[in-house]
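Overview (structure and organization)
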Amino acid sequence: MSDKIGLRWHVEGTELRVDVAFHESKLVGLACKLTIEMFAETLQSNGTNTRKTVLTEPFTADPRGNSFAIPLADIEGFSFHGQHVRVTPLIVVTVDDGVLWDSKERVNFQLPMPQLSEAGLASGSPAAVLN
């Protein structure tokens, strides 16, 4: 965790709850963005890793902190750790603090697998199931 930004998360029902706290007063009032990224890592030597942004929420840093309730249905992805690939969701908070590089806090989190039908098949459109 960074000394400047505190980031906590938990899944509650069908929502991802994210709480962001700012530990430096100079960050309060600045433009920020909360981003959900999916990082797919190939666990073989000849693989290619990729990162995809699936949700971006701009906000202004509040002195009391900022809270977000994000429906899990809005996040296209899930956590997975297999023999050949690992998919890790990330919460990223970026603060445009006017320095050469923006201040960032990044944390891994867990997302449930997609809902299965009674037949054991993933529900949704074929494109959504494949993605």
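Cut-off values and rules
- Here, residues in each chain are numbered from 1, in the same order as that chain's written sequence.
- For a predicted model such as this one, the threshold for reporting local features is a pLDDT of at least 70, and the threshold for listing and counting side-chain atom pairs is 80 or more; totals across whole chains, interfaces and linings nevertheless cover every residue.
- With hydrogens and water stripped out, all remaining heavy atoms of the structure feed into the side-chain values.
- The rule for a salt bridge is simple: a side-chain nitrogen of Lys or Arg has to be within 4 Å of a carboxyl oxygen of Asp or Glu.
- Counting from the N terminus, the helices are the DSSP runs of H or I reaching at least four residues and the strands are the DSSP runs of E reaching at least two.
- Per-residue accessibility, obtained with a 1.4 Å probe over protein chains only, is compared with the maximum for each type, and a residue is labelled buried under 20%, exposed over 50%, and partly exposed between these values.
- Each pair of aromatic rings taken from Phe, Tyr and Trp, with Trp reduced to its six-membered ring, is defined by centres within 6.5 Å and is described as stacked if the planes are under 30 degrees apart, edge-to-face if over 60, and tilted in the remaining cases.
- Any pair of N or O atoms that falls within 3.5 Å is considered a polar contact. Within protein, one atom must be able to donate a hydrogen and the other to accept it, and sequence-neighbouring residues count only if both atoms are side-chain atoms.

1. Overview of the pattern of salt bridges
Note on pairing: side chains with opposite charge can pair once their charged atoms come close. A full pass over the atoms with the stated rule returns seven salt bridges. In this structure, Asp19 and Arg8 form a salt bridge, with 3.9 Å as the shortest nitrogen-oxygen distance. Of the two residues, Asp19 is situated in strand E2 (residues 15–22) and Arg8 in strand E1 (residues 5–12); the sequence distance between them amounts to 11 residues. Exposure remark for Asp19: the relative accessible area of 27% places this residue in the partly exposed category. For Arg8, a relative accessible area of 59% gives the class exposed. A salt bridge links Arg51 to Glu37; its shortest N-O distance comes to 3.2 Å. You can see Arg51 sitting in strand E4 (residues 50–60) and its partner Glu37 sitting in strand E3 (residues 31–42), a full 14 residues away along the chain. Judged by relative accessible area, Arg51 falls into the partly exposed class, the value being 42%. Each of Glu12, Glu15 and Arg17 takes part in a single network of salt bridges with overlapping partners.

2. Let's talk about the packing of aromatic side chains
The relation between two aromatic rings is expressed through the spacing of the ring centres and the mutual angle of the planes. Using the criterion set out here, one finds three aromatic pairs in the structure. Measuring from ring centre to ring centre gives 6.4 Å for Phe22 and Phe59, while their planes differ by 40 degrees; the resulting arrangement is tilted. Here Phe59 lies in strand E4 and Phe22 lies in strand E2, a separation of 37 residues in the sequence. Residue classification places Phe22 among the buried positions, given a relative accessible area of 11%. Each member of the aromatic cluster is reached from another via a ring pair, and the members are Phe22, Phe59 and Phe68.

3. Things to note about the side chain of Ser103
For Ser103, the position within the fold is in strand E8 (residues 103–108). Looking at Ser103, its side chain comes within polar contact range of the side chain of Asp97, at 2.3 Å.

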